[in-house]
Amino acid sequence: QSQLVESGGGLVQPGGTLRLSCAASGFTLDHYAVAWFRQAPGKEREGVSCVDDTGKTNYANSVKGRFTISRDNAENTVYLQMNSLKPDDTAVYYCAADWANFCYEETLATTDGYDYWGQGIQVTVSS
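About the thresholds
Residues numbered from 1 in each chain as written. Predicted model: local features only at pLDDT ≥ 70, side-chain atom pairs only at ≥ 80, totals over all residues. Heavy atoms only, no water. Helix = DSSP H or I, 4+ residues; strand = E, 2+ residues; numbered from the N terminus. Buried < 20%, exposed > 50% of the residue type's maximum accessible area, 1.4 Å probe, protein only. Contact = heavy atoms within 4.5 Å. Areas by Shrake-Rupley, 256 points an atom, 1.4 Å probe, with all protein chains shown as cover. Salt bridge = Lys/Arg side-chain N within 4 Å of Asp/Glu carboxyl O. Disulfide = S-S within 2.5 Å. Phe/Tyr/Trp six-rings, centres within 6.5 Å; stacked < 30°, edge-to-face > 60°. Lys NZ or Arg CZ within 6 Å of the ring centre and 35° of its normal.

A look at the overall build of the protein
Turning to step 1, where the next piece is worked out: Helix and strand counts for the protein stand at zero helices and eleven strands.
Turning to step 2, where the next piece is worked out: Reading the secondary structure of the protein in the N-to-C direction produces β-β-β-β-β-β-β-β-β-β-β.
Turning to step 3, where the next piece is worked out: Once the C-alpha set of the protein is aligned to its principal axes, its extents read approximately 40 × 25 × 25 Å.
Turning to step 4, where the next piece is worked out: Burial analysis of the protein (127 residues in total) assigns 44% to the buried set.
Turning to step 5, where the next piece is worked out: Look at the contacts in the protein between residues 6 or more apart in sequence, and 63% of them connect residues 24 or more apart.
Turning to step 6, where the next piece is worked out: Carbon and sulfur atoms form 44% of the exposed surface of the protein, whose accessible area is close to 6,600 Å².

What follows is the structure, given as structure tokens:
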């Protein structure tokens, strides 16, 4: 019943833009920290960005200045705006929610401790 669903992925050329959405159903995201992770073929899942219920955000160094995380509690949705996309951004992107937690720099260092995970959505950056 409670789940996260990602949308907005697809294929885009280098330098292009995508906006991913992470919509919650069956629960409200208001008091959750939400993080985006990604997993490229042959690689482990890595943290991309997070936002908590205080509005604090963090980003992986590889996406700083290009990606922006935001949340719209009225829509029960978290977004990841991805600009200036690079081929290295190609991956399956997952959102995850962690109740009553905070978005610290170290939040992105592990995939442990999340209460809900989306099923992932493909982002492909290729010319």
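Re the pattern of salt bridges
Turning to step 1, where the next piece is worked out: Counting across every chain of the model gives three salt bridges.
Turning to step 2, where the next piece is worked out: Between Asp-89 and Arg-38 there is a salt bridge whose closest N-O contact spans 2.9 Å. Placement of Asp-89 in the loop between strand 8 (77-82) and strand 9 (91-99) and of Arg-38 in strand 4 (residues 32-39) is noted, with a sequence separation of 51 residues between them. For the pair shown, Asp-89 and Arg-38 are each scored as buried.
Turning to step 3, where the next piece is worked out: The residue Asp-89 makes a salt bridge to Arg-66 at a minimum N-O spacing of 2.7 Å.

Quick word on the state of the cysteines
Turning to step 1, where the next piece is worked out: What the rule picks out here adds up to two disulfides.
Turning to step 2, where the next piece is worked out: Disulfide pairing places Cys-22 opposite Cys-95 at an S-S distance of 2.0 Å. An S-S torsion of about 75° defines the bridge between Cys-22 and Cys-95 as right-handed. With Cys-22 in strand 3 (residues 18-25) and Cys-95 in strand 9, the pair connects residues that are 73 residues apart, well separated along the chain.

Here's the deal with the environment of Val-123
Turning to step 1, where the next piece is worked out: Among the structural elements, Val-123 can be located in strand 11 (residues 121-125).
Turning to step 2, where the next piece is worked out: We classify Val-123 as buried; its relative accessible area is 0%.
Turning to step 3, where the next piece is worked out: Residues Val-123 and Val-12 lie 111 residues apart in sequence; the distance between their C-alpha atoms is 7.9 Å.
Turning to step 4, where the next piece is worked out: Residues contacting Val-123, with those up to four places away along its chain left out, are Gly-9, Gly-10, Leu-18, Leu-20, Met-82, Asp-89, Thr-90, Ala-91 and Tyr-93.

Re the packing of aromatic side chains
Turning to step 1, where the next piece is worked out: Applying the stated criterion across every chain yields a total of eight aromatic pairs.
Turning to step 2, where the next piece is worked out: A centroid spacing of 6.0 Å and a plane angle of 55° characterise the contact between Tyr-32 and Tyr-116, whose relative ring orientation is tilted. A residue pair is termed long-range when its members are at least 10 positions apart, and Tyr-32 in strand 4 and Tyr-116 in strand 10 (residues 116-117) qualify at 84 residues.
Turning to step 3, where the next piece is worked out: On the basis of relative accessibility, which here comes to 10%, the residue Tyr-32 falls in the buried class.
Turning to step 4, where the next piece is worked out: Each member of the aromatic cluster is reached from another via a ring pair, and the members are Phe-37, Tyr-94, Tyr-114 and Trp-117.
Turning to step 5, where the next piece is worked out: Above the plane of the ring of Tyr-94 lies Arg-45, whose end atom (NZ or CZ) is 3.7 Å from the centre.
Turning to step 6, where the next piece is worked out: Against the face of Trp-117 rests Arg-45, its NZ or CZ located 5.1 Å from the ring centre.

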